[in-house]
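What the coordinates show
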Amino acid sequence: MTYTFNRVLIAGESTPAINTRDIHQLIAAEFAGDVQALDVDLSLDKATQTLIDAGLTVICEPDLTDPTSWGQPGTDTWLVAGHDKPSVNPVAATPQPETAAGYNIGGVGTLLALAGLDPKLAYASSKDVENQIVDKYGSWSAITAREGVWYSNLELLRHVRSLALQNIGNRRLRVASATERPLLGLDSTLAMDENGHPVNVIEPATLGALTAFYNVYTQVGESEKLTQSAQSAGQIPNSYARQIGSGGGLGIGALAMGLRGSLHQLSDVLIEATQLEDELAKTDLLIEIIPTLHPQTIADSPLQKLGELAATHAVPVILFTHESSLSNHELAEWGIHAAYVVSANSSLDKVRRVLRGTWIRPA
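Since we're looking at a predicted model, the values are computed, not measured.

1. Concerning the overall build of the protein
- Scanning the protein from terminus to terminus reveals 14 helices and 11 strands.
- Taken across its 363 residues, the protein has 48% of its residues classed as buried.
- Considering only contacts in the protein between residues 6 or more positions apart, those separated by 24 or more positions represent 69%.
- As displayed, the protein has an accessible area near 16,600 Å², and 49% of this comes from carbon and sulfur atoms.

Structure (structure tokens):
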């Protein structure tokens with residue numbers, strides 16, 4: 001039998017009640033195989049495995065400080081960074097109590113660890129960091145002695161970064177961020193949670209210290225890219241911590257940019273890794289899934305990019321969610337032709353009614 005849509009792509013993030021696989025099985029059962037379906041789960045908690053299945057080398061954050069856990073020299077290593085919730089002190093300004101899961105050393109501590117130094121020196125003095133460098137690597141060329149935290153000394157930060165790059169070797173870190181929010185600023189992951197609600201747990205001293213670190217870190221990292229004329233004109237790029245997506249993993253993306261790595265949107269990486277654009281070009285209908293449909297949740301989800309690609313290939317888009325605050329005008333802006341709110345108790349029953357009664361009908 002011929003139906004209005006004979007090739008269906010189901011993609012998105014699993015909800016508490018429905019997932020892409022369930023809808024795929026529903027379509028197979030309802031239409032007796034006459035409707036071809038492909039399902040791709042783009043959920044954050046499955047992203048690492050999805051990228052591994054696509055043949056990419058992926059590590060987890062606990063392995064980040066050990067370059068030997070990365071891919072082979074000359075290859076790219078990927079890390080998936082989520083919208084982590086900040087603690088009162090997300091960067092170990094003072095040593096946090098160690099638990100079974102360790103403590104969060106943040107971008108500053110991670111840089112020190114990659115350089116072979118103690119991450120607990122994240123906010124130590126220049127003298128303390130210099131002494132550890134000498135103890136570990138032997139004497140080195142003297143720099144201008146300065147008071148204050150170690151990274152306020154531009155030459156010292158440049159040396160620590162060079163040690164980290166030396167230990168990393170010919171490897172490149174690519175961070176796939178699940179959020180568009182930067183690390184610092186009023187719109188950052190330190191200021192707002194995933195749903196756009198304010199976060200008020202970060203101490204002003206911590207924010208000031210982070211801002212100072214990334215300003216100097218960006219200056220050091222970008223100095224090797226700037227032309228001589230740009231340097232003489234004093235042109236300093238925006239802080240890595242203000243780049244789109246740098247708030248993922250509480251700044252891991254910002255750190256990677258200063259280590260000759262790169263920062264990407266997770267949705268773009270997943271769509272490319274799963275070759276979804278090629279599938280969309282052969283698809284008659286795109287069915288999207290997202291737990292909640294609000295401006296901030298869809299902006300950080302793969303659905304934004306999927307909607308753009310669907311529009312390029314003139315593929316209609318319908319969506320299932322458990323709650324929505326978008327108007328019809330906003331749905332149209334996101335490329336969604338129809339959105340259906342389903343309850344957790346009767347979700348698949350409603351999906352079945354919507355598909356058979358409204359969209360996938362005999363031609």
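2. Points about the packing of aromatic side chains
- A complete count under the given rule lists 10 aromatic pairs for this structure.
- Between Tyr-3 and Phe-31, the ring centres sit 5.1 Å apart and the planes meet at 75 degrees, which makes this aromatic pair edge-to-face. Of the two residues, Tyr-3 sits in the segment before β1 (7-12) while Phe-31 sits in the loop between α1 (20-30) and β2 (36-41), which places them 28 residues apart along the sequence. No difference in accessibility class separates Tyr-3 from Phe-31, as the two residues are buried.
- Relative to Trp-359, the ring of Phe-5 lies with its centre 6.2 Å away and its plane at 35 degrees, an arrangement referred to as tilted. Residue Phe-5 is located in the segment before β1, and its partner Trp-359 is located in helix α14 (residues 347-359); the two are separated by 354 residues in the primary sequence.

3. Some thoughts on the packing of α1 against α14
- Put simply, α1 and α14 touch, their axes get as near as 11 Å, and they point 50 degrees apart. When the axis of α1 is compared with that of α14, the two are oblique. Seen from above, α1 lies across α14 with right-handed handedness. The segment α1 lies against α14, with Asp-22, Ile-23, Leu-26, Ile-27 and Glu-30 engaging Leu-348, Val-351, Arg-352, Leu-355 and Arg-356.
- Of the residues assigned to the contact of α1 with α14, the class counts are six nonpolar, no polar and four charged.

4. Describing the pattern of salt bridges
- Evaluated as defined, the whole model comprises 11 salt bridges.
- Note that Lys-46 and Asp-41 form a salt bridge whose closest N and O atoms lie 3.7 Å from each other.
- Owing to a relative accessible area of 17%, Asp-41 belongs among the buried residues under this scheme.
- Across the pair Asp-76 and Arg-174 runs a salt bridge whose closest N-O atoms are separated by 2.8 Å. Of the two residues, Asp-76 sits in strand β4 (residues 76-81) while Arg-174 sits in strand β5 (residues 172-177), which places them 98 residues apart along the sequence.
- What makes Arg-174 buried here is its relative accessible area of 17%.
- Among the charged side chains, a salt-bridge network with shared partners connects Glu-30, Asp-349, Arg-352 and Arg-356.

5. Let's talk about the sheet that holds strand β3 (residues 58-59)
- One open sheet holds the four strands; their spatial order is β3-β4-β5-β6, and the pairing between them is parallel. Strands with a single pairing partner mark the edges of an open sheet, and in this sheet they are β3 and β6 (262-265).
- Sheet strands in contact with helix α9 (residues 266-273) are β4, β5 and β6, and its direction is about 80 degrees off that of β6.

6. Some remarks on the packing of helix α5 (residues 154-168) against helix α6 (residues 204-223)
- The contact between α5 and α6 brings their axes to 10 Å, and the two run at 65 degrees. Of the possible angle classes, the one that applies to α5 and α6 is roughly perpendicular. When you trace α5 past α6, the crossing you get is right-handed. In contact with Leu-154, Leu-157, Arg-158 and Arg-161 of α5, α6 contributes Phe-213, Val-216, Tyr-217, Gln-219, Val-220, Gly-221 and Ser-223.
- Taken together, the residues of the contact of α5 with α6 break down into six nonpolar, three polar and two charged.

7. As for the side chain of Thr-20
- For Thr-20, the position within the fold is in helix α1.
- Apart from the residues lying within four places of it in its own chain, the contact partners of Thr-20 are Ile-10, Ala-11, Gly-12, Asp-39, Val-40, Asp-41 and Ile-289.

8. Quick word on the environment of Glu-222
- For Glu-222, the position within the fold is in helix α6.
- With relative accessibility at 12%, the residue Glu-222 sits in the buried group.
- Linking Glu-222 and Gly-258, residues 36 residues apart in sequence, is a C-alpha distance of 7.6 Å.

9. Observations concerning the pairing of β5
- The element β5 is extensively covered by neighbouring structure, given that five of its six residues are classed as buried.
- Pairing of β5 with β6, which is carried by four bridges, proceeds in the parallel orientation. Considered in β6, the bridge of Ala-176 is made with His-264.

10. Considering the layout of surface pockets
- Put simply, the largest pocket is a space of about 420 Å³.
- Listing elements by their share of the lining of the largest pocket, those giving two or more residues are α9 and α11 (295-299).
- Considering only residue class, the lining of the largest pocket consists of eight nonpolar, 10 polar and three charged.

About the cut-offs
- Residues numbered from 1 in each chain as written.
- Predicted model: local features only at pLDDT ≥ 70, side-chain atom pairs only at ≥ 80, totals over all residues.
- Heavy atoms only, no water.
- Helix = DSSP H or I, 4+ residues; strand = E, 2+ residues; numbered from the N terminus.
- Buried < 20%, exposed > 50% of the residue type's maximum accessible area, 1.4 Å probe, protein only.
- Contact = heavy atoms within 4.5 Å.
- Areas by Shrake-Rupley, 256 points an atom, 1.4 Å probe, with all protein chains shown as cover.
- Phe/Tyr/Trp six-rings, centres within 6.5 Å; stacked < 30°, edge-to-face > 60°.
- Axes fitted to C-alpha atoms, helices over the stretch in contact; angles between N-to-C directions.
- Parallel < 35°, antiparallel > 145°, perpendicular 65-115°, else oblique.
- Left-handed = near helix turned anticlockwise from the far one by under 90°.
- Nonpolar A, V, L, I, M, F, W, Y, C, P; charged D, E, K, R; others polar.
- Salt bridge = Lys/Arg side-chain N within 4 Å of Asp/Glu carboxyl O.
- Pairing = 2+ DSSP bridges.
- 1 Å grid on protein atoms, 1.4 Å probe; cavity = no way out; pocket = protein on both sides within 12 Å on 5 of 7 lines; lining within 4 Å.
- Points joined across faces, edges and corners; volume = space filled by probe spheres on them.

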